[in-house]
Structure formats: C-alpha cells, structure tokens
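Next come the chains, spelled out residue by residue.
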Amino acid sequence: MYDGLETNLSFEYLQKLIEESKGLKIGIIGGWAVYFYINENYRKAFGTDYLKSRDIDLYVNSANSSRFKSIIERLGFRKSSYYFRYELVYDRETKQIVDEKSAKKKPVYNLVYIFLDLFTNKKTDLNAWVFKELDNVKISVISNFPVIDINTLLRLKVLSFFEREKIDKELKDACDIYSLLVYSDTKFKINVDLKKAAEKIINRVDICDFIAENVLKDTLKAGIVKAILLNMISGKRQ
C-alpha cells in the first residue's frame, strides 16, 4: 500500500538506529513491530512479505533519552511538525538525504520523508510521546531486532486505530490488528478494547474490503475477515 522506495528507506534507517543503539533499552513499535511478529508465518501463507511500514516508531526508555538523542542527531534527523516526530528528507533525483534548505527548493513529488516517531515511559528532553503503557514494557528480540511485547503492541495499535484522522493510517492499523491476531505465534490477551477494535472492523465494509485486498490478496474474502474476527473475540481462535 506504500511506495517501495519509502518502505525501503524506512527499513534502512531502522537498521541504522538499532545498530547505533546497542546497549540501550529501546524497542520497535508500530507497523515494523507487527511486521517482525508475523512476517515468517505470513510468507508461509502467501509467499510474500507482509505490508511494510513507511514510518519508524520506537520506544526509548527515559533513562536512555540523552544518549539516543545524540544518536539521531548524528544520523541527521531533525525536528518535524509534531513534538514527538523527527525526520529525514530524501531526494528521489539525487538519491541523497538533503537538508531543510535544499528540500524547500525541490518539488514535493521528488521528496520522500522518513518519519521517526518516539515514545517513552517518562517525560524527558527527547520530546517523545509519553505512554503509561510503556512503563513496564518488555522487549523481545525477533530476527535480531528489539520489539516490544505483543500485548503492549496490541494496546497501542488499538489506541491509535480509534484516534486516527487519516483514512490510510486507520486502514493500515486495521490490517496490523487483524494480522497480529491471525498470523502471530506469540500468545496475547484479548481484552475489552481489542474486542471493540475487532467489532469496529467487522462493522465497517470499507475496512473489511481493504484487509481482504491487502492482507488476504483477494477482494472477495471480506466475509472471511469478518468470520475470523468474530471467532477470535468469542474465544475461538483458529
């Protein structure tokens, strides 16, 4: 659903951030975390990778904020429009990261924005978004990448799903929630909020159609999406 160049650049800088942050307590959240949790099983089912992410979402423990701030500055990230967001700008023409002054001289369609959204457990000078859910978060290592535990990931995904203003973000969240429920081997808890998210998906024809097309690769399988979610929230996980 996203431009391949955007997701490739996002993954490239995710790798750099993780490599530079060895020894720090950080964890991948958002779309890339979903990708790591389910991609192996998804490939077995469909012979292709799961939906990749355009943005990089990272949890940074408050105790590591100063060191992590130095890392992102060294990699060239600068403050963006939201207080918790940093960004890099890539020029499709020159195939290079460009500074703010150079970016303003380029047509928008030539630019790719790599967004880094930061989340933490306590307020620091890093200007990350504080979530109480991250206070006792656990980190798992999947394919050499640190990823937050699946229950916290689902809670954050559900939270963002209900707060999204842009339809493309809402649809991606729906795909991620569905895919975590269906393709993850990791045990998770189905709570009230997760049931509400599943019910919202079930009751939205456009969302079911989108999941069928982009996850199940078949526009005629929206009914399967509904049936699976109904089984999941009724305790009949398949």
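Right above here is the structure, for reference.
Residues numbered from 1 in each chain as written. Predicted model: local features only at pLDDT ≥ 70, side-chain atom pairs only at ≥ 80, totals over all residues. Heavy atoms only, no water.

1. Looking at the packing of aromatic side chains
Part 1: All told, the structure shown has 20 aromatic pairs when counted by the stated rule.
Part 2: Taken together, a centroid distance of 5.3 Å and an interplanar angle of 75° make the contact between Tyr 42 and Tyr 50 edge-to-face. There is no split in this pair, since Tyr 42 and Tyr 50 are both buried.
Part 3: Ring-pair connections join several aromatic residues into one group, and the members of that group are Tyr 82, Tyr 83, Phe 84, Phe 119, Trp 129 and Phe 131.
Part 4: The residue whose ring lies beneath Lys 16 is Tyr 13, and the NZ or CZ to ring-centre distance is 4.3 Å. (Phe/Tyr/Trp six-rings, centres within 6.5 Å; stacked < 30°, edge-to-face > 60°. Buried < 20%, exposed > 50% of the residue type's maximum accessible area, 1.4 Å probe, protein only. Lys NZ or Arg CZ within 6 Å of the ring centre and 35° of its normal.)

2. Observations concerning the environment of Ser 234
Part 1: On the secondary structure map, Ser 234 appears in the segment after α9 (222–233).
Part 2: Owing to a relative accessible area of 44%, Ser 234 belongs among the partly exposed residues under this scheme.
Part 3: Looking at Ser 234, its side chain comes within polar contact range of the main-chain oxygen of Leu 230, at 2.9 Å. (Helix = DSSP H or I, 4+ residues; strand = E, 2+ residues; numbered from the N terminus. Polar contact = N/O pair within 3.5 Å; in protein donor to acceptor, adjacent residues only side chain to side chain.)

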